Amino acid sequence: MVNTYKDSAYQYHLEKFKIYQEQSGEDFEGIEEEDIISKLMEGDFEDLGGITAIRGFVYQYYVTIYYILKMVQDPKNNWWDKVVFEYFDDVSLLRNDRIRFIQVKTVRQNSSNRLQPNDIYSRSQKKRVDSEYDHFNSWIEKLFKNYDVFMDKDPASLIEGYMEEMPFVNPEFELVSNTPHNSLEGLEVFTLNTSFKADLLDDNILKPKIETPVILKDKDIQFSEVFSKPVNFYLEKLYINKLGSFDSLKNTIEGLIEDIIGITHPIKKTIVGGIFSNLLAEITQRTYRDDPEMDKTELVFEREDVKALIYTWSESLKDDASNYLDDDSLLRTIKYLLEALRSEYQDEFKSNQMLLKELIETLDWFRTEFEKQFRKDSKYCLVFLNKLFNLQSIIKVEQFNNDKNKQHIKSSLSYIIRCLVFYPSRKVEFQNSQLLFHTGEIENEKLLFTIYNARNRSDTVIVKNTVVSALQQCEYGSNINQDLFSLIIGEKKEQKTEKSKTSERLAARFTVAKVERDDISIIDPPENLKFINKDEVDAFFEFFSNTTGESVPTFQDKEIEAHWKLSLSEG
């Protein structure tokens, strides 16, 4: 029953996402629908890299989380004690004698798009309708219709036991959007109506639009002939809430969770992130409304139940975090993997001991630097791995010590060492950044690069968007003026249309795929960001592993570095 219900919920959200794709006008090329829904239902949206195209879709879920948390955080000033997702409307707030219907409408972020008043009141013509209500299909009319439909229903047919009194004589209507705060000029009577008691003037924009009759061939239909109350009844109770951008709302939600749990902890951000993730998963897995076997009480998030859930999650996450902080096994794992790489290099470069020596020296530099940072901060291993795997400097608790992750760690360490071996001067840059940055320098020539291991969780488009989004949010990344090279490993492999070719003259020229709008149109990439083709890196080292010390005595040669740098710059 549980698995069947979860499968039904998955299909419901998948169909909902497909509808969103059709209606939003967003570019979803290269995005795997199943990945998005699976991660959403696991509460693991961070893995999707904050792709702009799907933020509008996820925004509604975040709005639900926001009102659930407001209910728990400040019960004195927030009257509702129940939140329902996608039953009466997108979101509904309830008390036994009171209800608010909330509809969520989004515009594309990182663009000049914004809501206009006509987006709110415009109707579309319908050839076939089930009822006369369907002719009144603007956003706000659909919002108002929910009250009438709700009043006509038997309370027991809705959510039995949760509504004791009717007729909810004082409903509230809220339209929530991520539209910029300086938009919707002329609708201030509604955008400022936080009391849901608007003082309507005769010149407000919405009233005459709603009162305009629907003109059919054989008759005209007035709003007052269809809806149970006069126009003013609904408009006085309308609040248009410009709640903020996706990132702003996310930050607000994290702040609410911090207020609720009220703890000081070395990795409090990790606990907040875990609760956020668990609540997102809870919502998506409990909100499938078309299953005839569904227990409708599952749709209701009650204040006391949510408080208990948050407490349970918080305590569990604190225990997990404490165990991680007290455990130095990750450092032992890193050291073990570096020794394994030492053995692999010795075997790989046995024909060229001089190049092998430089690889080992680079490996030893990395190990020394890593241990130095660990002595300064025992959380360094966790921070390093979260930057590598999650592009986050906060600590996300997970089992990094399993065999699969060990392979990903070893591969990542090897690529860092290989990229640094050309440079006698090496440095870990921007220690407080949410990404891993390294710099190599030879005779005043520098290479700045970052690395991200996707662990086979997402395809190339999503992975590149993950990096671009992380850079946009990173205070260090957004201020980098020089060329920044990004090495991505562990993305889901796509079918190759042509084989990688390495110049025999250079033996392996790095090819850099510049981020073009045709390639990734979802997020605007920085002009200085270039993605390194990992396969060409592999080909480069495969060639040199077969050379001798007489023919190629060093990686750290100005001519080799210059030619490599030229190849990188040319793309």
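As a reminder, the structure under discussion sits directly above these lines.
So, a few notes on the structure that sits alongside this text. Everything numeric here is computed off the predicted structure, so don't read it as measured data. (Residues numbered from 1 in each chain as written. Predicted model: local features only at pLDDT ≥ 70, side-chain atom pairs only at ≥ 80, totals over all residues. Heavy atoms only, no water.)

### Thoughts on the overall build of the protein chain
Next up, step 1: Secondary structure assignment for the protein chain yields 20 helices and 14 strands.
Next up, step 2: Contacts in the protein chain between residues far apart in sequence, at least 24 positions, make up 72% of those at least 6 positions apart.
Next up, step 3: Approximately 26800 Å² of the protein chain is accessible, and the part contributed by carbon and sulfur atoms is 44%. (Helix = DSSP H or I, 4+ residues; strand = E, 2+ residues; numbered from the N terminus. Contact = heavy atoms within 4.5 Å. Areas by Shrake-Rupley, 256 points an atom, 1.4 Å probe, with all protein chains shown as cover.)

### Looking at the nonpolar core
Next up, step 1: The biggest cluster of nonpolar side chains holds 52 residues, and the ones touching the most others in it are Tyr 62, Val 63, Ile 65 and Ile 253.
Next up, step 2: Examining the composition of this core, we find that 14 residues originate from one element, helix H3 (residues 52–73), more than from any other.
Next up, step 3: Contacts of Ile 65, omitting those with residues within four sequence positions, involve Ile 253, Phe 276, Leu 279, Leu 280 and Ile 283.
Next up, step 4: One finds Phe 349, Leu 413, Ile 442 and Phe 540 within the second-largest nonpolar core, a separate group that totals 51 residues. (Core = buried A, V, L, I, M, F, W, Y, C linked by side-chain atoms within 4.5 Å. Buried < 20%, exposed > 50% of the residue type's maximum accessible area, 1.4 Å probe, protein only.)

### Observations concerning the packing of helix H14 (residues 329–348) against helix H17 (residues 403–420)
Next up, step 1: Axis separation between H14 and H17 bottoms out at 10 Å; the angle between their running directions is 60 degrees. Judged by the inter-axis angle, H14 sits oblique to H17. Relative to H17, the crossing made by H14 is right-handed. Facing H14, whose interface residues are Thr 333, Ile 334, Leu 337, Leu 338, Ala 340, Leu 341, Glu 344, Tyr 345 and Glu 348, H17 presents Lys 406, Ile 409, Lys 410, Leu 413, Ser 414, Ile 417 and Arg 418.
Next up, step 2: Grouping the constituent residues of the contact of H14 with H17 by class yields nine nonpolar, two polar and five charged. (Axes fitted to C-alpha atoms, helices over the stretch in contact; angles between N-to-C directions. Parallel < 35°, antiparallel > 145°, perpendicular 65-115°, else oblique. Left-handed = near helix turned anticlockwise from the far one by under 90°. Nonpolar A, V, L, I, M, F, W, Y, C, P; charged D, E, K, R; others polar.)

### Thoughts on the pairing of strand E12 (residues 484–489)
Next up, step 1: With respect to burial, E12 is a largely interior element, six of its six residues being buried.
Next up, step 2: The alternating pattern of E12 places Leu 484, Ser 486 and Ile 488 and Phe 485, Leu 487 and Ile 489 on opposite faces, both of which are buried.
Next up, step 3: Note: strand E11 (residues 445–453) against E12, six bridges, orientation parallel. Note that in E12 the partner of Tyr 452 across the bridge is Ile 488. (Pairing = 2+ DSSP bridges.)

### Considering the packing of helix H15 (residues 353–376) against H17
Next up, step 1: Contact pair H15 / H17: the axes reach a minimum separation of 9 Å and the direction vectors enclose 115 degrees. Considering the relative orientation of H15 and H17, their crossing is right-handed. Note on element contacts: H17 touches H15 through Leu 413, Ile 416, Ile 417 and Leu 420, opposite Leu 359, Thr 362, Leu 363, Trp 365 and Phe 366.
Next up, step 2: When grouped by side-chain class, the residues that make up the contact of H15 with H17 number eight nonpolar, one polar and no charged.

### With respect to the environment of Arg 98
Next up, step 1: Position of Arg 98 among the secondary structure elements: in strand E3 (residues 98–105).
Next up, step 2: Under the relative-accessibility criterion, Arg 98 is labelled partly exposed at 25%.

### Considerations on the side chain of Glu 358
Next up, step 1: Along the chain, Glu 358 falls in helix H15.
Next up, step 2: The buried charged residue Glu 358 lacks any salt bridge partner; its closest oppositely charged side chain belongs to Arg 426, at an N-O distance of 7.5 Å.
Next up, step 3: Those residues within four positions of Glu 358 in sequence are excluded, and the remaining contacts are Val 421, Thr 554, Phe 555 and Gln 556. (Lys, Arg positive; Asp, Glu negative; His and termini not counted. Salt bridge = Lys/Arg side-chain N within 4 Å of Asp/Glu carboxyl O.)

### A few points about the environment of Ser 195
Next up, step 1: Counting through the fold element by element, Ser 195 comes out in the loop between helix H7 (188–191) and helix H8 (206–211).
Next up, step 2: Ser 195 sits in the partly exposed class, given a relative accessible area of 45%.
Next up, step 3: Each C-alpha atom of the pair Ser 195 and Glu 172 lies 9.5 Å from the other, and the pair is 23 residues apart in sequence.

### Structural notes on the side chain of Ser 183
Next up, step 1: Following the sequence through the fold, Ser 183 ends up in the loop between strand E4 (172–177) and H7.
Next up, step 2: Every residue in contact with Ser 183, bar those within four places of it in the chain, is listed here: Arg 114, Leu 115 and Lys 242.

### Quick word on H14
Next up, step 1: For H14, spanning 20 residues, the distance from its first C-alpha to its last is 28 Å, which sits close to the expected 28 Å at 1.5 Å a residue.
Next up, step 2: All buried positions along H14 are accounted for by Ser 329, Leu 330, Leu 331, Thr 333, Ile 334, Leu 337, Leu 338, Leu 341, Arg 342 and Tyr 345.
Next up, step 3: Looking at the buried positions of H14, the neighbouring elements they touch are H15, helix H16 (380–390) and H17. (Expected span 1.5 Å × (residues − 1).)

### What to know about the pairing of strand E2 (residues 91–95)
Next up, step 1: Among the five residues that make up E2, four are buried, leaving the element largely enclosed by the rest of the structure.
Next up, step 2: Two successive antiparallel strands, strand E1 (residues 82–85) and E2, enclose a turn made up of five residues, where Glu 86 displays a positive phi of approximately 55 degrees.
Next up, step 3: Bridge count for E2 against E3 is five bridges, and the pairing is antiparallel. Its bridge partner being in E3, Val 91 is matched across the sheet by Ile 102.
Next up, step 4: What sits between the antiparallel neighbours E2 and E3 is a turn of two residues.

### Some remarks on the pattern of salt bridges
Next up, step 1: As enumerated under the stated definition, the model contains 24 salt bridges in all.
Next up, step 2: Its salt-bridge partner being Arg 98, residue Glu 172 comes within 2.8 Å of it at the nearest N-O pair. Of this pair, Glu 172 sits in strand E4 while Arg 98 sits in strand E3, and the two are 74 residues apart along the sequence.
Next up, step 3: Residue classification places Glu 172 among the buried residues on the basis of a relative accessible area of 5%.
Next up, step 4: Linked through salt bridges whose partners overlap, the residues forming this network are Lys 335, Glu 339, Arg 342, Asp 364, Arg 367 and Glu 371.

### A closer look at the sheet that holds strand E8 (residues 300–302)
Next up, step 1: Taken together, six strands build an open sheet; the order of strands is E7-E4-E3-E2-E1-E8 and the sheet is mixed. The open sheet is flanked by strand E7 (238–242) and E8, the only strands paired with a single partner. Shown here is a sheet whose adjacent strand axes are inclined to one another by a mean of 20 degrees, direction ignored.
Next up, step 2: Here E3 pairs with E4 via six bridges, running parallel. Residue pairing in the sheet places Gln 103 in a bridge with Leu 175 of E4.
Next up, step 3: Against the sheet, helix H5 (residues 139–152) touches E3, E4 and E7, its axis set at about 150 degrees to E3.

### What about the environment of Tyr 336?
Next up, step 1: Along the polypeptide, Tyr 336 turns up in helix H14.
Next up, step 2: In this structure Tyr 336 comes out as exposed when scored by relative accessible area, which is 59%.
Next up, step 3: On a C-alpha basis, the gap between Tyr 336 and Lys 406 in space is 10.0 Å, while along the polypeptide they are 70 residues apart.

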